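Coordinate analysis (summary)
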Amino acid sequence: MTTAAPTVSYKVPKRRHPVLLFATQQPLGAGGLVFIFLMAVCAAFAPWVAPHDPLAVDYGAMLSAPSSVYWLGTDSFGRDVFSRIIYGARTALAIGFIASFIGCTLGAVIGVISAYFGGKTDLIIQGIMDVLLSFPIIVLAITVVAILGNNVVLGFDVNLIIAIALPMLPRVERVVRASALALRELPYVDAARAAGYSHARIIFRHIVPNVVAPYLIMLTAFVAQAILAEASLSFLGLGVTEPTPSWGLMLSGSAADFYQQAPWMIVFPGIAISLGVFAFNLFGDSLRDWLDPKIKL
Amino acid sequence: MLKFIIHRFLLMIPTLLGVAVLVFFLLRLMPGDPVATMLLGDGGGANVPQAVIEQERARLGLDRPMHVQFAKWFWSALQGDFGYSMWTGKPVLYEIGIRLELSLQVAVMATILAILLALPLGTLSAVFKDTWIDQSIRVFSIAGLAVPSFWLGMIIILLLLTYFSWIPPLTFTPFLENPRENLSQLIWPALAVGYRYSAVSTRMMRSSILEVLQEDYIRTARAKGVMERLVVARHAMRNAMLPVVTVIGLEFAFLIGGLVVTEQVFNLNGIGKLFVQAVARSDFTMIQGLVLLVSVFFVLINFVIDLMYAFLDPRIRYR
């Protein structure tokens with residue numbers, strides 16, 4: 001055998017920025033991300049984006065149709081629907097992000113602890129999670145709101161955030177626990193244990209970095225859920241209270257009385273909710289395909 | 001199989017007990033005294049002597065220690081007695097019973113609608129993967145996850161109102177009384193709630209079929225010359241059903257949540273509306289009874305799904 005080794009020529013892929021890579025591989029997800037970014041900018045700079053004060057009552061312009069002054073019309077108090085939607089993005093995104101951050105982080109921490117220690121700890125935690133899982137999401141959220149009432153701190157209803165975050169906890173916990181259970185058996189964790197590292201060090205240095213992917217995927221997915229939950233609770237009159245602009249709240253109360261006179265009061269806030277949730281779902285789905293397609297939510 | 005059923009059944013008991021404990025004690029943390037709310041009204045305007053309030057508390061058993069209250073409540077709940085609504089004074093089970101038919105019917109109709117949509121759409125989407133058929137079905141189902149059911153309900157009402165001058169009727173017509181009237185009344189809320197349901201199931205059906213189509217037995221079927229249509233209908237769809245069954249069961253939780261909100265939109269006096277009213281009136285016993293029944297129902301559904309799973313796929317055995 002004297003043939004020369006065949007020369008294999010292949011292009012070394014250029015290293016590209018991960019954001020760029022994501023955008024080229026998941027165009028739909030990138031679209032979602034762009035929309036989320038736009039929404040966040042509108043929410044952050046609401047006073048400059050919104051053409052009117054969202055709370056300004058104008059009885060002279062009650063229920064006026066979309067026009068060059070009021071782009072999406074006005075509600076039964078003469079408040080500008082477009083401006084209220086812009087400010088509503090603030091409420092939706094703030095509550096959505098905070099609630100899902102708290103819910104997913106706590107869920108992930110409990111999941112990792114439960115998987116790492118196993119045995120009795122695991123059994124007890126799983127028991128509690130099973131109980132929490134037996135409540136449908138909205139039912140649990142409504143019950144928590146009913147029990148805690150409203151408690152506004154720094155402009156945010158803390159109890160509303162708890163109510164939205166709590167149902168996420170067991171759902172995130174299950175997924176993260178499953179990932180962590182597999183990690184626990186890996187040789188490098190054994191090695192770390194053999195080296196005499198503390199539990200805290202093994203958990204935070206060796207296990208947590210490896211459950212970041214499912215955590216991030218759950219986080220984006222649950223922001224969408226949280227926006228929907230906030231809208232539903234506010235619609236029922238159990239969430240954000242008047243006069244704070246919220247998409248769900250805009251659909252409740254008087255909106256239903258003016259189906260025919262002022263359909264814009266119903267149509268536009270709903271489109272805002274749907275687009276917001278849609279963007280997060282799109283981004284979350286693509287993020288999952290990109291990071292770890294095996295994770296099932 | 002029997003051993004599996006018994007084991008799975010026994011596993012439910014601690015969960016249900018936990019649910020009962022949680023529901024009971026959480027509601028005791030609620031601010032606002034139900035007796036005061038009931039007798040004084042929300043503003044506390046009426047003038048009621050303290051003695052009367054005490055007497056009422058004693059009558060409702062609210063003056064006894066917490067664990068005694070729980071034991072008493074739990075024991076009667078096991079016997080099907082959930083106490084009396086603190087608002088209407090009628091038995092909780094009675095109030096639920098008169099509304100159950102409506103909510104259950106909407107739920108069942110939504111489920112049927114979802115399955116009828118999901119099975120063909122999901123299969124089509126998988127078989128024609130990456131064509132325009134697949135793309136449009138996927139957009140349709142991703143949209144279903146984003147559109148809130150109550151808003152979809154409002155849009156449906158808006159359209160019906162504009163084009164057919166249809167107004168949601170104020171009274172509920174039972175199915176047996178007038179099936180036509182009943183269905184024309186409930187199909188819209190079922191559609192509003194069922195859209196999300198069908199969207200989730202469609203997505204699951206699609207990915208499940210795609211997975212099954214990779215299997216060896218599909219290649220075998222194709223190799224022996226089975227028509228592609230039969231390969232999909234007989235070999236792929238049947239084996240792809242399993243995860244879809246799970247999703248349909250799990251999504252039932254969302255269905256209940258959707259009902260709570262959608263019943264408000266369509267002005268249906270069902271379980272969901274009862275729940276929201278009970279919360280607004282701090283009606284302890286009613287909330288307790290409702291939350292407990294809903295979660296027991298939910299746990300039971302998961303139990304049935306697990307059994308179906310084991311029945312549909314003999315490879316699955318409990319550990």
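This write-up is about the structure you can find in this document. The structure displayed is predicted, hence computed values, not measured ones.

Rules and cut-offs
For every chain, the first residue of its written sequence is number 1, and the numbers climb from 1 along that sequence. Throughout, the order in which chains and ligands are written sets their labels, letters from A for the former and numbers from 1 for the latter. Totals for whole chains, interfaces and linings use every residue, but because this is a predicted model, local features are given only for residues with pLDDT of at least 70 and side-chain atom pairs only at 80 or more, for both listing and counting. Counting from the N terminus, the helices are the DSSP runs of H or I reaching at least four residues and the strands are the DSSP runs of E reaching at least two. Put simply, a residue is buried when 20 or more other C-beta atoms lie within 10 Å of its own C-beta and exposed when 12 or fewer do; between those, it is partly exposed, and each C-beta is set from the backbone. By the convention adopted here, residues are in contact when the distance between their C-beta atoms, placed from the backbone, does not exceed 7 Å. The term nonpolar core refers to a group of buried residues, namely Ala, Val, Leu, Ile, Met, Phe, Trp, Tyr and Cys, whose C-beta atoms join them within 7 Å. When residues are grouped by polarity, Ala, Val, Leu, Ile, Met, Phe, Trp, Tyr, Cys and Pro land in nonpolar, Asp, Glu, Lys and Arg in charged, and all others, Gly among them, in polar. Here, expected helix span is obtained from the residue count minus one, scaled by 1.5 Å. For a residue, the bend is simply the angle between two axes, fitted respectively to the seven-residue segment ending there and the seven-residue segment starting there. Between N-to-C directions, angles span 0 to 180 degrees; the directions come from axes that are lines fitted to C-alpha atoms, helices contributing only their stretch in contact. We call two directions roughly parallel when the angle between them is under 35 degrees, roughly antiparallel when it is over 145, roughly perpendicular when it lies between 65 and 115, and oblique otherwise. Should the near helix be turned anticlockwise from the far one by less than a right angle, the crossing is termed left-handed; should it be turned clockwise, right-handed.

Quick word on the overall build of chain B
Broken down by element type, chain B carries 13 helices and zero strands. Sorting the 319 residues of chain B into buried and exposed places 38% on the buried side. Long-range contacts, defined as pairs at least 24 residues apart, comprise 75% of the intrachain contacts of chain B with a sequence gap of at least 6.

Let's talk about the overall build of chain A
From N to C terminus, chain A includes 13 helices and two strands. Along the first, second and third principal axes, the C-alpha set of chain A runs to 90 × 55 × 30 Å. With 297 residues in all, chain A has 46% of them scored as buried. Counting contacts in chain A only where the partners sit at least 6 residues apart, residues at least 24 apart contribute 70% of the total.

A closer look at the nonpolar core
Ranked by internal contacts, the top residues of the largest apolar core, which has 158 residues, are Ala141, Ile142 and Ile164 of chain A together with Leu290 of chain B. Those residues in contact with Ile164 of chain A that sit more than four places away from it in its chain are Ile95, Ala99, Ala141, Ala226, Ala229 and Glu230 of chain A.

A look at the interface of chain B and chain A
For interface size, the figure often reported is the accessible area lost on association. Every contact between the two is made by 39 residues of chain B and, on the other side, 33 residues of chain A. Mapped by element, the contributors of at least two residues to the side of chain B that touches chain A are helix H1 (2–28), helix H6 (132–146), helix H7 (149–164), helix H11 (252–265), helix H12 (271–280) and helix H13 (284–312) of chain B. A total of eight residues in the side of chain B that touches chain A trace back to one element, the largest contributor, which is H7 of chain B. Its residues assigned to classes, the side of chain B that touches chain A shows 33 nonpolar, six polar and no charged.

Describing helix H10 (residues 228–250) of chain B
Residue and element names in this part refer to chain B. Its 23 residues give H10 an end-to-end C-alpha distance of 32 Å, which sits within 8% of 33 Å, the value for a rise of 1.5 Å per residue. Its axis deflected by about 40° at Met237, H10 carries its strongest bend there. Where H10 is buried, its residues touch helix H5 (92–127), helix H8 (179–212) and helix H9 (216–223).

A look at H6 of chain B
End to end, H6 of chain B covers 21 Å across 15 residues, agreeing with the expected 21 Å (1.5 Å per residue, within 8%). Inspection of H6 of chain B places Ile137, Arg138, Ser141, Gly144, Leu145 and Ala146 of chain B among the buried residues, and these make up the whole buried set. If you follow the buried residues of H6 of chain B, they end up packed against helix H13 (264–291) of chain A together with H5 and H8 of chain B.

Topic: the packing of H13 of chain A against H6 of chain B
Each pair of packed helices can be described by the angle between their axes along with the distance between the axes. Between H13 of chain A and H6 of chain B, the least distance of the axes is 8 Å, while the angle of their chain directions is 120°. As the angle between them shows, H13 of chain A and H6 of chain B are arranged oblique. Both H13 of chain A and H6 of chain B take part in a crossing whose hand is right-handed. Mapping the contact onto sequence places Ser274, Val277, Phe278, Asn281 and Leu282 of chain A in H13 of chain A and Ile142, Ala143, Leu145 and Ala146 of chain B in H6 of chain B. For the contact of H13 of chain A with H6 of chain B, the per-class residue count stands at seven nonpolar, two polar and no charged.

Examining unusual backbone geometry
If a residue is not glycine, its phi is most likely negative; likewise, a peptide bond is most likely trans. Of note in the backbone geometry, Asn267 of chain B takes a positive phi value of approximately 60° without being a glycine. With respect to the helices and strands, the residue Asn267 of chain B is situated in the loop between H11 and H12.

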